[in-house]
Structures are given as C-alpha cells and as structure tokens.
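Now for the letters of each chain:
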Amino acid sequence: MEILRKKNIWLGLVLVCVLFFGQAKSAHAISLSINPVSEMNKILNDLGINKSTIQNLGTMVNNMDNKTMPPQVTLTFVPINPKEGEKLTANAMPAHFLNDPSKLYYTWFLKVKDCDKKSSGAGNDEKCNLDGDDDIDIEDYKIKAMRIIANDGFDWENGDYASDNDNDGYEANWGGDDQSGKEDPECFVNNPKTGEDYPIECDEHLFPNASGEETGDDEFEKGEEEFWRTDPHSRDTGHTGKTDEANVCGLGINQFTWNYQKGDKVGVVVEGIGVSPTQENDANYKIMWAMSSKNYETDADIDTGDYIPDPNPADVSASTTTGTSPNTTTTTYTTRTTQEVDEDSDGNLTNAGNIVQINTIISKKAVVVASSRGTVTTSPPVVTTSGTNPGNSDTTVTLSSSTSGPSLVSDDLDVAFADDEELENYNQSHEVWERIESLTPGIEDVDVNETILNENKRRTQVTVVSDGLVPPTYTITTTISTWTDTTTTKVTYDTEKDVPATIVSEDFDIDSEFVYISKTISTETLEQDDFDVDIDGKDIDQVSDLSELLPGALIDPSINAVESEKLKINLVYSPAFPVNDPLTDGEKGDILSLTSSVVNPQNKNSLKYSWEVYRNDSIDEDSWDQIIKSELPEASQTSGLGLNTFQFKLNLPEKYDDDEGMEKTMNFIRIVLRVEEPIGEGKTRRGNEWVIIPIESSSGKIKVSNVSINSGALASGDEICSGDLNNPEEKTICPITKSSIVHLSLEGADVDFEDFLWTVDGKTIAYKTCPLSSCDGSQDEAYFPITKEVGGKHIVNLIATNTAGDKISLTKTFKVVDPTIKIIPTNENSDDNCEKIKIGEYVDMNGVTITDYSKKDLLAVIGSPIKITVDVSGFSLPSDENNFTWSVNGDSFLGQDDLELPAREESGENYAVSVSALYSQNNDLKKALNEYWGISPTDFYEKVISDEVQIIVQSPDCVAEGDEKGKIFASLSSSIPKYLDFLLRIVLMSFLIILVSKVILVFSSETK
Amino acid sequence: MFEEKKEFKLSDYKEPLVASLVISLCLALLFFFPAQNYLQTITVVVFFLFLVPVLYLKIVAEKKLQEFGLNLENKKEGLIWGTAGFLVFILVFSLLYYFTGFKNNYLLPELAIHNFWAFLFYELIMVNFLIFILEFFFCGFIFFSFLKHLSSFTILLQFVLFAIIAILIFGFDWQTLPALAISLNSGIIVYRSRSFIYAYGSALLSFIILDSLIIYHLK
C-alpha cells in the first residue's frame, strides 16, 4: 500500500510536469514572463475586435437587469368627450405583464364629484364614506367602483340577503389568477431612474374589502354579498363569467363603465407578474403593480439617496473598547514598513526599531485621529501622546502598528487643532471612509461632517450612502482619540443610535484626558427589508403601502377630452386638372370646387370654416402668396359656419408679383382650409388641411358653332353658346338639342399647336367618314353629334400640344335640352314699344344683383305699334320663311319670327299672343348623321314647341318712371276719383237709411 | 192697490222699432259696405256709427243729442261712477297682466312702444276717436233708444251688441278683452249718470293707463 501510495504521488507529479512543461514546449514561443492582459489584447487585435466593444458589451450585460420595462397600464375613454349623465367606459390596457390580461387583477377606483377628503362630514358620508371609517379615502373610491362592477344593475335594495347559497367565493393568487400553486411570493416596486426593482413585503392585495371581511379569501357570504350589492343567489351578478368575489377582485375586468358626471376621476391598479424572474430558486416571477396616471408615474419619485440601511440594532453586533491613556506596550509591535514615514513634514518621524512611530509634536489642544486602512478586526493602530498638558507644552503624538496590522503611511496620522478655523470643516475621517468605500462594494458616498461643540467636545457624523443594493459583510473600524485636561474617563454608549452607516461621536460622551475608543461594528448580510422605498415622500415597505399612491393615479376623463384632439379634415377638389384662363373676361377657366369633410366633429353644424387661397410657381411651402377673396373671380363665401365647400373660377392672371416684387408664374395653387369647432367653456377644437393643385393655363377656348349642310358637306355656321348678355349661363354649360351637329374649333390660342386630341365623354371623336380635310389628329376643329337624351350631358375635351412642349387642355360641357321658343320684345333697348315687366331683384351668393322679369307678361304703351320677336333656343329655323304660327287675341296666322302689332288707343286693351313652331331634323341633317356617324334614322323625332304672353297696354303716365314723390302724388291723384265715388255711394246709402226710417216713422204716425 | 195693466200700443214702440231698424242697418253696412282701404274703412265707421245716427236723431226722430247722452249733467254721479269704473278696470287688468297670459297677447303698435310722440298720437287721436265713436253709438244712440223700455237691461243690450260686433271683427282673444270690459263699464256709468261723456273719459283714461303699463313693462 505504501508503495502504491508513493507511486500515485509520483504519478501525480509527472502528470503535473507533463501538463505544464508539455504545454510550455508546445508553446515555446511564450516566455515565462507572459502577461495575460497583453496577450489577450494581442489576440483581440488579431481578431480585429475592439477591446472597448467587449468592455461595453460586458457593461451592457451587467446592466441588463436594469433595462427591463416595468409593468404599465394606460387608460382610454369612450366616448372621448363625455357628457354628464352619459355612460363612460374606461378601458385599461396593461403592458409588460407576463400574465394573460384576463388573468390580471384590475382594482378600479372612482372618485365621484364632491367626494374629496375634505367632503367628509359635510353630508356626504353616506354617499362617499362607503367603508364606514373616519374619512373618505382611496378605499372608498375602490368600493365605489368595484360595487358598480359587481352589482351590474342588480336590484340590491330588494335583494334577499337572508341567505347565501350561490357559492361565489374566489381565492385570489399573488400575481394573478394564473399564479396559483406558487409559494413564497415576492413583491417588488420599480425604480424607473435606475431600472431596479425593490422588494416590498407581500402583506395584502390592493383589493377593496368589506367591513371586517377580506376580499379574495374564497369566502363570499351574505354579509359581503350585501356590502357589494350582489345577488346572493347568483354566482355572477356582474355578468362577467366569473364569480362575484372574483369580480370584486377585478379579475380580468379591464373595462369599467359608469354614468359620468363632471368632476369624476377614475383610476386602476393592476396586479400581475412582471417580465423578470426573481433570484430565488423557484418558479416565481416578480409580483408587481401598475397604476394608471397621466401626471404620476409609479416609482417616479424614488430617490436612491434616500435608501438608508435599516436602523435595526438587532442586526448589528458592536463592541466598544474603552480605556484611559493608551497602553504604551504598543512598543512591542514590530514594524512592517517604514516607507513614507520620513515624508511627514509636520513632526518628527522616527524609526524605533521594530515599531513604526509617527510622531507629531503639538503644542496646543488638538484632536488626533488615526485609523487604519483595510479590514482590521484586531490590533488596530494605536495613538500615543506624550506630555501631560498639551495645551501648554509640546505633545508628541505617536501612531504605531504591529505587523499584523496594516502598513502605515504618514497620512494615517492626522492632527487638527481645535482653535484652527479649518477645523470646523475638517473631515478628518474622510479618507478613512473612502478606504472603506473602496473595499466595500455598494457604498456610493461617504459624508463626514465635523462639528465643534465646545473645546472639549466635537461631533463627528459619518453618513454612508449605499447604492441600495445589499452590501457585503464589512467591518468598520474607527479610532477616535481626543484629550482634555481632566484625567477622568467616562464613556457612555447609546445603542439605539448605533447604526451601521452613521457613527456619531456624540453618541459617546467622552470626558477623558486621552481616550482611546475602538468601535468595531460588524454587520452580517443586510436583508432587503432593511431598505425603505421612498416614493413621493411615502415609505413603501409593503404592498398595502401602495394604496397611498393611488390617489395620484386618479385621472380626470375630461383631460382626454376631445378638445385636445385635432379635427381631422378630408379635402378633395375638382376638376382633377383644372385649367386657368388668364384673360380678363376669360370663360375657359374651370370652376375650381373644393369639398371638405370633417371626420371627427362633435356637432357638424357648429363647424366654422375658413378658406384661404395661395399661389406659387413651385411647390415651396415657405413662399406662398395669398390671393385675397376680392381677387378670386366668382368666389363663394370664404369664412363662416357650415361652409364645407368652396369654389371660385380660375380666371386669374398667369403672372403676378410676389411680396418682394419678383414676378412669378402661377403654376400651383394651394388651398388651405382651417376649421374651428367651439365645444363650450371657451374651448375650441381646431384642424387644418391643405391641397396643392397644379394649374394648367389656357389662353385659348373651344368655339362652338352651328352646322350647315351643303350637298352633304358639313360647314360651321353661327357661333352659339358664346355667353352673350342674354344668356350668360350658356358660357358654362351649352344647351343643345338632341340629334344636332356641333362644330368645335380652337380659338385664341397664344401659340401654334400641332397635335390635337378631341374627346367626347372621354372617348376620342371618331367618324365613319371624315367630314374634315383630314382626321389624323392635326386638325384644330371637329364635329360631333348630340346623341344623348334630354337631360344628359356631353363633356368635350381638347388637349393640344406642340413640339416646343406647350400644352393646353380645354373643356366644354353641353347639356341636352328640349328646343324652346320664347316671345320677347324685338329690341328692348330701343324706343320700340315693348318691354319686359320687372318683377323684382334678388342678390345672389356673390352679391350680384339680378333682375327678375315676368315670363308671361310684356308691357306696352298706347299710341305706338308693338314689336315682338321669337327667341329660338336649341335649333334653328330659317327666319325668312313662315315657319311660325302666331295667334293674336284668338286670330291665328303664319308668319316669320318678327311680329308688329297695331297700336292701341286705350289703356287696358291688352294683347294675348302665342306662337308655335315645329321642331324636326331636316333630311340633310339626317343624312349627315347617318353618313358621318352611322346614326340610325329611327333616332330622330319631331316636336311642336310654343310660347304665349300677354302684352299689357297702358298709358305712358302709368309706365313712366318718376321720382318717389311724384309716385305718391300720382297714387293719390289716381285714387281720389275712386274715393269720391265711394263717398258718393256711402252718402247715398246714408240718406237712404234716413229716408227709409223717416218714411216708416211718418207712416206709423199716420196709421196711429 | 193694483197697478193698472198697460194696454199694448204699437205707437209706443215705434221709435225703438225704427231705431232698431237704423241700428241694424248701420251695423250690417258696417260689415258689408265695400271698403278697399283704410280711408274708406274709416269713412264707413264714421258714417254708420256716427253720422247716420246723428242724422237720424236730428232729422227723423227730431231729438236733441243731449237726450242721447251728449251732456255733462249729473256730474257727481258721472265722476264717481267714472272713477270707480276706471279703478275697477285698472285693478282687474293689472291682475290679468301679472297672472295670466294677457301681457303676452295684448299687442300695441311697434312705433307707439318705442316713440313717445307716436304713442301720444296713437292714444289721443286714434284711440280717442274710436272710443268716442263707439261710446256715442253703443252708449249713446243704442243705450238711450231703449233705456225707456228696457231700463237697466239696456246695459246688457248694448254690451251684447258691442260684444258681437267686436268678436265678429277681431275674434275673442286677449286683444278684445279690454274693449269688452270697457263696454260693460261704460254701460253702468251711462246708466247711473245718463251721460256717455263720463264713460268716454273713463274709457279713454283706462286705455291710456293700460297701454302705458304694458309699454312700461316691455321696456
């Protein structure tokens, strides 16, 4: 066995040698002075990896735990702008929970109007103080909301609460309904500044409780049923698919609906598990809560600086050694280092053999502090002094240490003087604490404050600021020495103030000439519970403390009201390619129409529209030039209520000067629509939208002419639809009869065009036989037949281009009408004896005054012949033939279009005149339609058309227009004869009465 | 002991009968005589409510107008009953004004409400003229034509006739109510004072005060 054991030892040695030296052989290039860091750097360089990248990566990995998103919940309201009494629904949208949303607990709370805390005792207790305690608080708000959810309209006042047999209890699980079976729940709150989660005690859920009951304990007896106003004989009074107690727990209740009144505030707190697991060896995730708030964020006010260790003396073991003058036996300590001792310039430093002594001679009262670095639990450095009356003679202060202690440097001995002004702010222990800090992960800051209480007393307060994490076990050793003139020593120790991070010398009532105090405080691992979470000035140690934060999570639904929402506007325009006619009286410019629709108004009738028009030569949003309304031809009203449409005629100059006097070409028009909607209380919603419209300019027009047919050939006749004074509306829409042929031509174009595309209703005009010299698209004229029925429209479009890149697009609209004839005065403006009768005037939307004339009556005076004529619309009849049948006061005869009636001698001798004619297509037209377009002869028709008027004949006095005064006298003078006539009749009647009565009376007297 | 029963004689009733005929003709012509404008309407009113009765009394009946109420006799009775009638009228219409829909339905010319001179013209010319004409016809001509035979029932007779005429012309509404009240008031005053002048004064004053009250509250 012994041999075998030795053999094994040798075998082990060989194996070690092989391993090490073998490697060295195989890597013979590596010297024995290998530096791992430099070698690693070389490897990284060879691999092309930046070292800092890896360092950043490591830092990122280290901080990964802090980057997780805490659970959150947001509230939205439907409707957005609730009215009082209206049903308002709050929707909770949780995020960053690991649970299914239906497994979360939503605890709603509703603070109704007049239920502020200050309302308590003001007659609102019954309405507001629902839990029956002394005040109105968040618990009452919770009860208010959860009652509404659980009750759901049940007639609780007539409920039978004598018994409860519906077995509707529910046992709530920490962290959500799907967390059952998990033990040792761990609850956390999150610090959004650092991203860290802080543990709090899982003491109770945030559910509202009935008086003396607990919600979520699987017991929901009749007392709780009555409190929550649920049906004791229904498992699910709230109709949520869950039991009544689950409803009170808010299980999956992510909606809350109530009748809103102004001043209501609502909130929700959601319980579930976060996305981060706990560090325990189990399946638990962190149980966390999310609250609704717009102006309050959970944990937002956590100040890590406020995290201080728990002043729990039971967790701290401390020992204090006191004594009188320092024991001079410290000379037995052996030296370990002598370095830097000679660098002390304030005193004599001597190397006394094995003892390191740092001697400082002081000649007045002083406070001497010496301390060691590092972890020292035994053999602390010792301060010695010589001299009995330091205030009056030189005193030597010595700091000595043993080999088991730390090495000393001159800075370890620090002397301050009580009468030195600097002493007041002298942090003599700071460096010591800094050393502690360097050895103690988790300590962020050490703050030392010195206060001179009197010449014999001073107060040293040391505050250690932790980063909030659990610091490892550490030992703090401090040595505080002081001296006075007395020789007695008295030390007291106040354990209650003995906190690990705060050492206050005042805790020790020192009254000694030379006192050596060695205070060793050793803390074991501090528990998480030792740290307070301070949120918004409130200590949060446990879940129930979170209720104090809930009032800050109440939201006023009117904050989300619709006034904050912009009005959304849709804006469309037509035509798609509008044409501008720059001529002053141009008629080819399109009517640019804009139509808007507001998507989200409260009341469409209260929308105020404001239209603005701008122009530019390019799409440059910064330099649009506004066109005011007076410059917009035929513009509709630009501002006012309900003006959701706007139009104007594109008859604008092609060139204009901008604000800086630069000439520009109007290539684009920008229409801006601003809409306002007053919503009460001085609030207004606004929205705006704009469109940029490319403008095609036209300096030409489509000329429309009648067609004459000579031997089957088509030729253009008189121009029609030119928009003359008598028929200005024809300029926009040309009335035309069915089965007629129209000649179209381009007129007034500034440039010569080469290619022409004529279309009717989107289709190119095509001919069965070409009626023009050529039909290859090079003709600036065209013919087309009217084929639609009465009421239909033909839209003719001409696009003309040339090789220079010029282009115009012109449109003409034709409306198919029945042909008409109308009797009119031959020449109203001359002295001819006939005129229209003015009925009145009206003002159109553009402010233009339009005179309205009678359509049935004409006016003439006595003594002159009356001249009338026939206005033919929609077709033509030869004027030199007797195509018209006239009827004058019943006498009919054939005649031409003009008629002269004999003069009348008396006023009131009126004429009743009618005229009729036959509308039909002649054979040449029928042949042409068939030849050029293949139109069947069956499409033609005939129709008798007529008109009739009464010509009222009056004396010139009645017809003449005079001033108003003259009219009054004329009226008076004309009515005087009538009155005299009337007076005569009434006088006669009166005398008749008198006469009759007289006769009767006389007769009766005679017969007496 | 026993009152002797009077023998009925037609001659005793000839004047009331003829007066009834004249009154009927006047009222009928008031309605049916064609008038095409305001001037003619006013002429009709003047003729058939004033001139014809006056001519009848002077020419046919050969009576003095003083006998038909155009006098200032019985001043004491007239003033007392005129004042009492005025006060009762104001009291009644004040109550109607404050407690019924009268104030919303009694209309005045817009110009008279906003222009004091127009108000004076309206009250002192137009209202005055109309009241005088009506008082003369109903409380003078009709009243005294039948007073001898109907005694106090004459008050009711003239009131009923006036009410029929007023309702036929204007309809029965708040606008007509003051005129009806005035008519009844006037009948009582005339019956007590034997003069329609006091009734006319009381009626004119009543209308002016009532209209003033309305205008005061409208402004």
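Residues numbered from 1 in each chain as written. Chains lettered and ligands numbered in written order. Predicted model: local features only at pLDDT ≥ 70, side-chain atom pairs only at ≥ 80, totals over all residues. Heavy atoms only, no water.

**Overview of the pattern of salt bridges**
When the charged atoms of two side chains with opposite charge come close together, those side chains can pair.
Now for step 1: Counted according to the given criterion, the structure contains 13 salt bridges over all chains.
Now for step 2: Two residues, Lys 998 of chain A and Glu 62 of chain B, come together in a salt bridge whose shortest N-O distance is 3.8 Å. Taken together, the residues span two chains, with Lys 998 of chain A in helix α11 (residues 964–1006) and Glu 62 of chain B in the loop between α2 (38–60) and α3 (75–99). (Salt bridge = Lys/Arg side-chain N within 4 Å of Asp/Glu carboxyl O. Helix = DSSP H or I, 4+ residues; strand = E, 2+ residues; numbered from the N terminus.)

**Points about the state of the cysteines**
All names here are of chain A.
Now for step 1: Applying the stated rule across the entire model yields 3 disulfides over all chains.
Now for step 2: The disulfide bridge from Cys 115 ends at Cys 128, spanning 1.8 Å between sulfur atoms. For the disulfide bridge between Cys 115 and Cys 128, the dihedral angle about the S-S bond is near -75°, and by the sign convention the bridge is left-handed. Placement of Cys 115 in the loop between β3 (105–111) and α4 (125–128) and of Cys 128 in helix α4 is noted, with a sequence separation of 13 residues between them. Of the two residues, Cys 115 and Cys 128, both sit in the buried class. (Disulfide = S-S within 2.5 Å. Buried < 20%, exposed > 50% of the residue type's maximum accessible area, 1.4 Å probe, protein only.)

**With respect to a nonpolar patch on the surface**
Residues and elements named next belong to chain B.
Now for step 1: On the surface, Phe 31, Phe 32, Leu 150, Phe 153, Leu 156, Val 160, Ile 164, Leu 168, Ile 169 and Phe 170 cluster together into a nonpolar patch covering about 1000 Å² of accessible area.
Now for step 2: Of all the elements in the fold, those that place two or more residues in the nonpolar patch are α1 (14–32) and α7 (153–170).
Now for step 3: Residue contributions to the nonpolar patch peak at 7 residues, all from α7.
Now for step 4: Along the chain, the position of Ile 164 falls in helix α7.
Now for step 5: Residue Ile 164 is classed as partly exposed on the basis of its relative accessible area, which comes to 44%. (Patch = residues over 30% accessible without salt bridge, like charges linked within 9 Å, V, L, I, M, F, W, Y side chains within 5 Å. Areas by Shrake-Rupley, 256 points an atom, 1.4 Å probe, with all protein chains shown as cover.)

**Remarks on the interface of chain A and chain B**
Now for step 1: Listed as interface residues are 19 residues of chain A and, on the opposing side, 24 residues of chain B.
Now for step 2: Taken together, both faces of the contact between chain A and chain B bury some 1900 Å²; the carbon and sulfur share is 81%.
Now for step 3: Run the count over chain A and chain B and you get 2 residue pairs in polar contact (both at pLDDT 80 or more).
Now for step 4: For the side of chain A that touches chain B, the residue count by class is 11 nonpolar, 4 polar and 4 charged. (Contact = heavy atoms within 4.5 Å. Buried area = accessible area lost by both parts, 1.4 Å probe. Polar contact = N/O pair within 3.5 Å; in protein donor to acceptor, adjacent residues only side chain to side chain. Nonpolar A, V, L, I, M, F, W, Y, C, P; charged D, E, K, R; others polar.)

**Remarks on the nonpolar core**
Now for step 1: Trp 108, Trp 258, Val 266 and Leu 546 of chain A are the most contacted members of the largest nonpolar core, which has 56 residues in total.
Now for step 2: Looking at this core, the element that brings in the most residues is helix α5 (residues 138–151) of chain A, giving 7 residues.
Now for step 3: Non-local contacts of Val 266 of chain A, meaning those with residues more than four positions away in its chain, are made with Leu 75, Phe 77, Ala 90, Trp 108, Phe 109, Leu 110, Phe 256, Trp 258, Ala 553, Leu 554, Ile 555 and Pro 557 of chain A.
Now for step 4: Among the nonpolar cores identified, the runner-up in size contains 51 residues, and Val 18, Ile 133, Phe 136 and Phe 196 of chain B belong to it. (Core = buried A, V, L, I, M, F, W, Y, C linked by side-chain atoms within 4.5 Å.)

**Points about a negative patch on the surface**
Residues and elements named next belong to chain A.
Now for step 1: Residues Glu 171, Glu 213, Asp 218, Glu 219 and Glu 221 make up a contiguous surface patch of negative charge.
Now for step 2: Within the secondary structure layout, Glu 219 lies in the loop between β5 (196–200) and α6 (222–228).
Now for step 3: Glu 219 gets classed as partly exposed once you look at its relative accessible area, which sits at 45%. (Lys, Arg positive; Asp, Glu negative; His and termini not counted. Charge placed at Lys NZ, Arg CZ, Asp CG, Glu CD.)

**Focus on the packing of helix α6 (residues 116–150) of chain B against helix α8 (residues 177–193) of chain B**
All names here are of chain B.
Now for step 1: Close contact between α6 and α8 brings their axes to 11 Å; oriented N to C, the two are set at 50°. The pairing of α6 with α8 is recorded here as oblique in orientation. Considering only the axes of α6 and α8, their crossing is right-handed. Of the residues in α8, those in contact with Glu 135, Cys 139, Phe 143, Phe 144 and Leu 147 of α6 are Ile 182, Ser 186, Gly 187, Val 190 and Tyr 191.
Now for step 2: The residue makeup of the contact of α6 with α8, split by class, is 7 nonpolar, 2 polar and 1 charged. (Axes fitted to C-alpha atoms, helices over the stretch in contact; angles between N-to-C directions. Parallel < 35°, antiparallel > 145°, perpendicular 65-115°, else oblique. Left-handed = near helix turned anticlockwise from the far one by under 90°.)

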